[in-house]
Amino acid sequence: MAKEPVAVVGVGQTKHVASRKDVSIAGLVREAAQRALGDAELTWADIDAVVIGKAPDFFEGVMMPELYLADALGAVGKPMLRVHTAGSVGGSTALVAANLVAARVHGTVLTLAFEKQSESNAMWGLSLPVPFQQPLLAGAGGFFAPHVRAYMRRTGAPDTVGSVVAYKDRRNALKNPYAHLHEQDITLEKVQASPMLWDPIRYSETCPSSDGACAMILTDRAGAARSPRPPAWMHGGAMRSEPTMFAGKDFVSPQAGKDCAADVYRQAGITDPRREIDAVEMYVPFSWYEPMWLENLGFAAEGEGWKLTESGVTELDGDLPVNMSGGVLSTNPIGASGMIRFAEAALQVRGQAGEHQVDGARKALGHAYGGGAQFFAMWLVGAEPPSS
């Protein structure tokens, strides 16, 4: 029996900020869920199951928070699943929910991811003690900076490319009312003059720490037919993982990322992603990862990703817009960051992205990665139902 087509009929986000002191974690997730229900014009009674995800529990110090969030998400007496795949968890959470619909286990599923970083310190939470990592790192940036340097050495990319990405994404964020960072006076010169944190990554080339949540309503063909607004249809979705360290691992372009993208393209019938995909929301916590992922995901040949960025191809008005919403560089509630990429891709093909809408977007890719560039989750959504 063929899989049930999966449609996104509701999307909801909180306004992402440094600290939401006005709400608890329960209040935060309920806000996003209610907005997604409102977008879909559904009620809690219409939801058959809930799939929730977040980054490591020690970020907030609340263990297994899904147990007490069931009430806030209308899940009392309903199936509720928790997903965790480090930073890619927002993406993998959406895929678990989508698979429940595709397998006809449930007709309509609420999926949600969140983080309340203000109640923790993720940077030091990610700085493991000796002997578990070398005593030179502070947070994820310290881990990934050598990989960025390796990319620069491998490709000959000039050291200005990271600033170009950050400048683009922060300008895009000004068009997104939900984005955390709204730097009205941003200039390329200001980005390039910001302090060096982890050579070659500058302060303005890094993601913020955000409080926020993102939710989506996924449903079957019958549910999509009742939707008051155009749905986004899932054409392909996949997860892949690999160890943090192993002999021969390519930290610059991990094999798991290549395999994940190839699987999604195969499912969606994509043979030339550069020409067939209209917009991309990719997980770029440090600006240099845009050109790196352009190559890993098959949009550019090896060594050519930075040239697309430098030439303006990935600008909002370029022929392959990347991170139209401002991306992770502008908003980073870690657990939700991957789901925001998936949700923003859906908004594009639904024509509901507001000021950061790409004209005529019919197919969009959502991408998430996590851990030591080891967990990957992606989906491709379209304005039309997938061909059977």
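All values derive from a computational prediction rather than experimental measurement.

## Some words on empty space enclosed by the protein
Point 1. In the structure shown here, the tally under the stated rule is 1 cavity of 30 Å³ or more.
Point 2. Each pocket or cavity is described by its volume, and for the largest cavity that value is around 40 Å³.
Point 3. What lines the largest cavity is simply Gln-13, His-16, Asn-176, Tyr-178, Ala-179, Ser-325, Gly-327, Thr-331, Ile-340, Arg-341 and Glu-344.
Point 4. Sort the elements by how many residues they give to the lining of the largest cavity and helix α13 (residues 334-350) lands first, with 3 residues.
Point 5. Considering only residue class, the lining of the largest cavity consists of 3 nonpolar, 6 polar and 2 charged.

## Here's the deal with the environment of Asp-46
Point 1. With respect to the helices and strands, the residue Asp-46 is situated in the loop between α1 (25-40) and β2 (49-54).
Point 2. Sequence spacing of Asp-46 and Ala-215 is 169 residues, and the spatial spacing of their C-alpha atoms is 15 Å.
Point 3. Polar contacts involving the side chain of Asp-46 include one to the main-chain amide nitrogen of Thr-43, which spans 2.8 Å.

## Re the pattern of salt bridges
Point 1. Inspection of the entire model under this criterion finds 28 salt bridges.
Point 2. Here Glu-31 makes a salt bridge to Arg-20, at a shortest N to O gap of 2.9 Å. With Glu-31 in helix α1 and Arg-20 in the loop between β1 (7-13) and α1, this residue pair connects regions lying 11 residues apart in the sequence. For the pair formed by Glu-31 and Arg-20, the shared burial category is buried.
Point 3. A salt bridge links Arg-350 to Asp-39; the shortest N-O distance between them is 2.8 Å. You can see Arg-350 sitting in helix α13 and its partner Asp-39 sitting in helix α1, a full 311 residues away along the chain. One exposure class covers both Arg-350 and Asp-39, and it is buried.
Point 4. A single salt-bridge network, built from bridges that share partners, covers Lys-54, Asp-57, Glu-60, Glu-66, Arg-82 and Glu-115.

Quick notes on the rules
- Sequence order sets the numbering: in each chain, residues are counted from 1 along the sequence as written.
- Confidence filtering applies because this is a predicted model: local features only for residues at pLDDT of at least 70, side-chain atom pairs given and counted only at 80 or more, and all residues used for totals across whole chains, interfaces and linings.
- To obtain the side-chain values, all non-hydrogen atoms of the structure were included, while hydrogens and water were left out.
- Points on a 1 Å grid, built from protein atoms alone, make a cavity when a 1.4 Å probe fits but cannot get out and make a pocket when they are open with protein on both sides within 12 Å along at least 5 of 7 lines; residues with an atom within 4 Å of a point are the lining residues.
- Grid points are joined across faces, edges and corners, and a volume is the space filled by probe spheres set on the points.
- A run of H or I in DSSP counts as a helix once it spans at least four residues, and a run of E counts as a strand once it spans at least two, with each numbered from the N terminus.
- Lys, Arg, Asp and Glu make up the charged group, whereas Ala, Val, Leu, Ile, Met, Phe, Trp, Tyr, Cys and Pro make up the nonpolar group; the residues left over, Gly among them, are polar.
- We call two N or O atoms a polar contact when they sit within 3.5 Å, provided that within protein one can donate a hydrogen and the other can accept it, with sequence-adjacent residues counted only if both atoms are side-chain atoms.
- For salt bridges, the criterion is a side-chain nitrogen of Lys or Arg within 4 Å of an Asp or Glu carboxyl oxygen.
- Relative accessibility decides the category of a residue: with a 1.4 Å probe and only protein chains considered, values under 20% of the type maximum give buried, values over 50% give exposed, and everything between is partly exposed.

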